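Overview (structure and organization)
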Amino acid sequence: MPKKSRKNDEIQVPTTRRSTRSKTRHTISTERISGNENGSAIAIMAEMPKLGRSNGKELFVAPEQRSQWMYRSIEENLLTLLEHSENADPEEILEDKIMFVEATNALCVIPNLAQVPTQKMLQAVLEFIQECSSVGLTASSFNLLADLEKRHPRVRVKESTSPDSGRKLAELIIDEKVWSPLEETCQELVRPDRQLVPSSPTRVSSNIFILLEEIVRRVQQEGGVESGKDVVILSQFSMLQHLMRLLQTDLQCRLEVFDSDAEKDYTLVQGSYLCRLIFGLTQAEKKSFIMSLKSIMCPSTLETDDSMLEDGRRVRRVCSKSLRRVREESTFQDGTGKTSDSVEKNSKGRKVLLPATREFGRLASDILVLIVKVDTLNQMYGLRAAACNSRRDRLLFETLLNLCREASTLDAYLKAVADPTAKLKFVMDYFLNFAPQPVVRSLGDFPLIEFLEKLLSYLSEKKALKSVVKVFKEADSLPLLLSHAFQAYLLLHSLGENSTNDQGKNDAQENRVRICKFLVAALINLEDLEGPNITLPTVKQTVFVAKRISGF
Amino acid sequence: MKWIKQALARPVLVWQVIRKNWCSFWNDIMEDDDLSWLRVDDALTRVDILSSSKYSRNRSNHLTLDVLLKESKLKQQRRTRVSQKADDSSSSTDEEEDDNANKISHMITDLERESLRIDEKVTLHKWGEKVFYQQTPLETPIDLAEDCRQKNAELESSTEGLLLSGLLHASVITEGRCDERTVRRIFYQMVESPDELLETAACDFLCDLLMLQLADCKPICQFEWLPTFTDIMNVFRSYGYRRVSSVPITGRSCVSAEKSGSDPASDSDELEGPPANIRSFVAFLKSLFQTRHVHQTLSASEAAELVVILVHCQMDHCIEGLSSLFRSCMIVLAHYFSEEEWADKRLQIASCLSSLSTDLLNQVLVAESLHVGDVRLCALQKSVVILLLGKSVETDLEDEADILSLFKWQDMKRKDYDFLTLYLQLTLADLYLWSEPRLEKGGSVHEDWLEFMKRVTACVHGSDERPYATKTRNLASFLQQKYQH
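Residues numbered from 1 in each chain as written. Chains lettered and ligands numbered in written order. Predicted model: local features only at pLDDT ≥ 70, side-chain atom pairs only at ≥ 80, totals over all residues. Heavy atoms only, no water.

**Thoughts on the overall build of chain B**
Scanning chain B from N- to C-terminus turns up 21 helices and 2 strands. The buried share among the 485 residues of chain B stands at 55%. Pairs at least 24 residues apart make up 76% of the contacts formed inside chain B by residues separated by at least 6 positions. Carbon and sulfur atoms make up 51% of the accessible area of chain B, which totals about 21500 Å². (Helix = DSSP H or I, 4+ residues; strand = E, 2+ residues; numbered from the N terminus. Buried < 20%, exposed > 50% of the residue type's maximum accessible area, 1.4 Å probe, protein only. Contact = heavy atoms within 4.5 Å. Areas by Shrake-Rupley, 256 points an atom, 1.4 Å probe, with all protein chains shown as cover.)

Here is the structure:
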């Protein structure tokens, strides 16, 4: 069973003067494997903070030992840094904010027995990102939020061993003291007068729905994900990444406990932020949310201009320039609406590098993957949960399926699904939803790999293929779907190959050759049928790889 | 700490100089007899001050009719005299007016020049350093320009085409190996390609395959080639990275020892600074460092050299937006070393880091960039801090008691006392002491530290106009609070 290297995942917290009281050495983890769907063995690259598994207990000792007075005193002292008069110098304000970030880091991250940040402190740090005032402040606030989230997770899993059966038990620990912007969004959704509309173009919202709207609006207005001021792009990216991390951590912890729970208590999953957010929306809002994600994810807005591809060096220069922003462009918008030169401007006007613009699309795809996971679980277990949400339909999944009728969206989504099992499952669902009923009936209900083999065998006949091709809106959709299914199959096959004996390996090899043959036949037939309409090189590429692997 | 960067860029000096220049300008005008109409009678001014002070004093007690009458008379006299002076001066000739105008314009020009000079001086206090200069071509085995042209024509069979569709990933995993030509090609696409899609796809491909492992920690894919230290350095150099001042740890030819043929001053803006591909390159390095047990491509000395480079890169403003990536890469790299290697190399790295810059502010920035809540980097930070503090007083310091001794004999009442240095020293000392286990609350060092903070707040008044005095006072006040808890 494969897994990612965990060698350096665990990072020890530096010993501080307080550690002389407690001689224990704590560890916090910085990253973890993420993206495992349906408990699959495969791991993906996305970064994910590991939750306080072994060290959580110790982390929370310090605040309880401290007096309430001290607790309040630290918060008040820190917040005093942010009090300014109306006419305060913007540089001075920025300086104090950076000092606040550093001080919070020193108190809440660095020491062994670190202070749990209060709601006001966390809100203040989040506010620094929201106000888009400076690249440096945004970057350091984002780093601080990431560190705080690792150090003081709101949700974590506590593992123990059952004294009777010796079985491993997982318990969900929720620390209510740790504030989360998602909690605020959930509460906002309950209000009847809620408005999920962006308010200011120079401010980034911490409400994920509004934030996505803001990103879409900027992309539409300014002609690309990378358009706009440096600091706004970085702030939007940082905020989206932070919220995504919170959503992922929360859901993953709950799923871990849910999976290990013999009784499958679905209320655990229902209590996740993602479920609360998604099921708190009206049908129209859900559709709009998925549409926003699609707009960000769609690669057409991200591609560079091919007309520039004439000379390697020159292109490199031009593209690099377009991705790097001149710091001088950043302007500081203060509370009074007065715009002054950015306090970030340096003497030589050096350019600022930003994370890849495609990261926006990747984050949007990751959110969609999570939504589909929750939607699937809701379909499976929601009915059993006592008197749970009445809106148990698969609107989200159906909306996604409809969006994926566009080849570009389908490709972007399937590229985001790292888990091969989940990818195959999606392909299966896609066919079951769109293929003509006689085809669906003839395919029957089989496990994933067998279903794929049956499907490819069916499509390798020209007549059958013709009946299926008709239902696809775009000619590129079917080859894309088959190509991604094939990739997922190859990955599953390679992983399974190592865990079986020689006989099993031989069977798997034969199976692979068979699938490759069916695939090649299906794709060649498809090219014959749809030749001029297919714009992507998917067919030729897939045939090339399938032939190479199977050796014919 | 970053807030110092902005603190030091304060325009206090500028204002002081402007005020000084304005005063001298004013005095010049006042000395000119022809401009006597502008002069206010000294006696009158004195009377006015006296009367106003008297007025306020009396008002605090009680006002009598006599006092009010007296004040009214004085005001009347003053008004009359001022109007007489104005009438006299209005008789000056046109020529004199022209002379005055010239004089004033000269003075304004001087003032502007002086202001610019001071502005430059203040700018020097801004944090950061230019680390990336002009890009240079990277010797790659692939022709990127040719690839770009053929990209669309040959996508079905090209490595790039398969890479973009994801089929290369599946194909390589199925084969269980990735040949040298393919890895090289993808690596150079990642570090060189102007196409963001290709750059990120190449980065994802390499990182995924590096990190994917089987249950027995064996890699799922064997790489027939991975970049060596020299390859990594070549990429940094092609991105324009230069470090001229310090001696490399490896003792071999590397970026620091090599000087680009181009003069940094003549760099064109177009190719100055690293390309956006640096983010993919650093992300790849992070994955590479994480898999040392499988892919040991660097020796301890080479890894140490890279720690220094990663810290140094962060001194350039253009990297600020990627600080999160650099931080995480640095943490992973710090854990690349075995315990013995780290014990061996830590001081060497610290020494290199402490000599990265000669400016104390940038030295603080170097120490601050190691402030990421990791035990190894924290130890490294402390070694750097103690070296930097030692350098600032040209003495060897060993422990927290030595650090405290720095602050014992400070005469903060001196008019020309250098609060800027004290400010930076306090910041460095805080970085060291806050993570020092031996600094027990109630211990002598702790008490001395708090005592000094009290002394700073006592010696420096809130409205002290000496440069950085109030900043230092505020810092001391904050540190006092911090360490009391």
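**Some words on the overall build of chain A**
Of regular secondary structure, chain A possesses 23 helices and 8 strands. Per-residue burial over chain A gives 60% buried out of 552 residues. Long-range pairs, those at least 24 residues apart, make up 69% of the contacts in chain A with a sequence separation of at least 6. Accessible area for chain A stands at about 22400 Å²; split by element, carbon and sulfur atoms hold 49% of it.

**Observations concerning the side chain of H446(B)**
The residue H446(B) is located in helix α20 (residues 444-459) in this model. Look at H446(B) and you get buried, because its relative accessible area is 1%.

**Section: the nonpolar core**
Across soluble globular proteins, nonpolar side chains have a tendency to be buried as a group. Residue and element names in this part refer to chain A. In terms of nonpolar packing, the biggest core is built from 275 residues, with Y413 and F431 touching the most fellow members. The element best represented in this core is helix α9 (residues 230-260), accounting for 14 residues. Filtering out sequence-adjacent residues up to four positions away, Y413 remains in contact with M297, L368, V369, V372, L400, C404 and F426. Residues V155, V157, V257 and L268 belong to the second largest nonpolar core, which totals 6 residues. (Core = buried A, V, L, I, M, F, W, Y, C linked by side-chain atoms within 4.5 Å.)

**A short note on helix α17 (residues 375-393) of chain B**
Residue and element names in this part refer to chain B. Helix length check: α17, at 19 residues, gives a terminal C-alpha distance of 28 Å against a target of 27 Å (1.5 Å per residue), a fit within 8%. By the criterion of burial, α17 is predominantly enclosed, with 14 of the 19 residues buried. For α17, the capping residue at the N-terminal end is D374, with a side-chain oxygen 3.2 Å from the backbone nitrogen of R376. (Expected span 1.5 Å × (residues − 1). Polar contact = N/O pair within 3.5 Å; in protein donor to acceptor, adjacent residues only side chain to side chain.)

**Remarks on the pattern of salt bridges**
All names here are of chain A. Tallied over the full model, the rule gives 26 salt bridges over all chains. In this structure, K294 engages E406 in a salt bridge whose closest nitrogen and oxygen atoms are separated by 3.2 Å. One end of the pair, K294, is in helix α12 (residues 283-297); the other, E406, is in the loop between α15 (395-403) and α16 (407-416), with 112 residues separating them in the sequence. A residue is classified by how much of its surface remains accessible, and K294, at 13% relative accessible area, is buried. (Salt bridge = Lys/Arg side-chain N within 4 Å of Asp/Glu carboxyl O.)

**A short note on the pairing of strand β4 (residues 168-174) of chain A**
Pairing between strand β3 (residues 155-161) of chain A and β4(A): 7 bridges, direction antiparallel. In the strand pairing of β4(A), T161(A) is matched with K168(A). (Pairing = 2+ DSSP bridges.)

**Comments concerning the packing of aromatic side chains**
One pass over the full model with this rule turns up 26 aromatic pairs over all chains. Arranged with centres 6.4 Å apart and planes meeting at 65°, the rings of F187(B) and F281(B) form a pair that is edge-to-face. With F187(B) in helix α9 (residues 180-192) and F281(B) in helix α12 (residues 278-290), the pair connects residues that are 94 residues apart, well separated along the chain. On the basis of relative accessible area, F187(B) is assigned to the buried category, the value being 1%. Taking relative accessible area as the criterion, F281(B) reaches 0% and is therefore assigned buried. Seen from their ring centres, W434(B) and Y483(B) are 5.3 Å apart, and the 80° between their planes marks the pair as edge-to-face. One end of the pair, W434(B), is in helix α19 (residues 419-434); the other, Y483(B), is in helix α21 (residues 469-484), with 49 residues separating them in the sequence. In this structure Y483(B) comes out as buried when scored by relative accessible area, which is 0%. Put simply, the rings of F132(B), F187(B), Y188(B), W225(B), F236(B), Y239(B), Y241(B), F281(B) and F284(B) pair up and form one aromatic cluster. Seen from the ring of F434(A), R405(A) lies directly overhead, with NZ or CZ sitting 4.4 Å from the centre. (Phe/Tyr/Trp six-rings, centres within 6.5 Å; stacked < 30°, edge-to-face > 60°. Lys NZ or Arg CZ within 6 Å of the ring centre and 35° of its normal.)

**Examining the confidence of the model for chain B**
When pLDDT is low, close inspection of the predicted coordinates is not appropriate. Residue and element names in this part refer to chain B. With 70% of its residues at a pLDDT of 70 or more, chain B shows a mean pLDDT of 76. Scored below 50 in pLDDT, residues 120-124 shows 5 contacts in the model against residues more than four places distant or in partner chains. Below a pLDDT of 50 lies the segment residues 252-267, which in the model reaches 33 contacts outside its immediate sequence neighbourhood of four places, other chains included. Here the complex is predicted with pTM 0.75, and the ipTM for its interfaces comes to 0.75. (pLDDT = per-residue confidence, 0-100.)

**Section: unusual backbone geometry**
Positioned with a positive phi, C132(A) is a non-glycine residue whose angle comes to about 50°. Structurally, the position occupied by C132(A) is in the loop between α5 (119-130) and α6 (135-151). The exposure class of C132(A) is buried, given its relative accessible area of 5%. For E394(B), which is not glycine, the phi torsion reads 55° and is therefore positive. Here E394(B) shows up in the loop between α17 and α18 (400-406).

**So, the environment of R203(A)**
Residues and elements named next belong to chain A. As for its placement among the helices and strands, R203 is situated in the loop between α7 (181-190) and α8 (208-222). Taking the C-alpha atoms as reference points, R203 and S235, 32 residues apart in sequence, are found 8.9 Å from one another. Apart from the residues within four sequence positions on either side, R203 is in contact with E127, Q130 and E214. In this structure the side chain of R203 is engaged in a polar contact, spanning 2.8 Å, whose partner is the side chain of E127.

**Re the packing of α16(A) against helix α17 (residues 420-434) of chain A**
Residue and element names in this part refer to chain A. Following both chains from N to C, one finds α16 and α17 inclined at 150°, their axes separated by 10 Å at the closest point. What the angle tells us is that α16 and α17 run roughly antiparallel. Remark: the crossing between α16 and α17 carries right-handed chirality. Together, L410, Y413 and L414 of α16 and K423, F426 and Y430 of α17 make up the contact between the two elements. The class makeup of the residues in the contact of α16 with α17 is 5 nonpolar, no polar and 1 charged. (Axes fitted to C-alpha atoms, helices over the stretch in contact; angles between N-to-C directions. Parallel < 35°, antiparallel > 145°, perpendicular 65-115°, else oblique. Left-handed = near helix turned anticlockwise from the far one by under 90°. Nonpolar A, V, L, I, M, F, W, Y, C, P; charged D, E, K, R; others polar.)

**Side note on the confidence of the model for chain A**
All names here are of chain A. Here chain A shows a mean pLDDT of 72. Residues at 70 or above account for 72%. Mean pLDDT per element in chain A: strand β2 (residues 27-29) is the minimum at 28, and α5 is the maximum at 93. Within the model, the stretch residues 1-67 combines pLDDT values under 50 with 214 contacts to residues more than four positions away or in other chains.

**With respect to the packing of helix α8 (residues 167-175) of chain B against helix α10 (residues 196-211) of chain B**
All names here are of chain B. The N-to-C vectors of α8 and α10 enclose an angle of 25°; their axes lie 10 Å apart at closest approach. Judged on the interaxial angle alone, α10 and α8 are roughly parallel. Relative to α10, the crossing made by α8 is right-handed. In this structure, α8 contributes L168, H169, V172 and I173 to the contact, and α10 contributes F205, D208 and L209. Across the contact of α8 with α10, the residue classes tally to 5 nonpolar, 1 polar and 1 charged.

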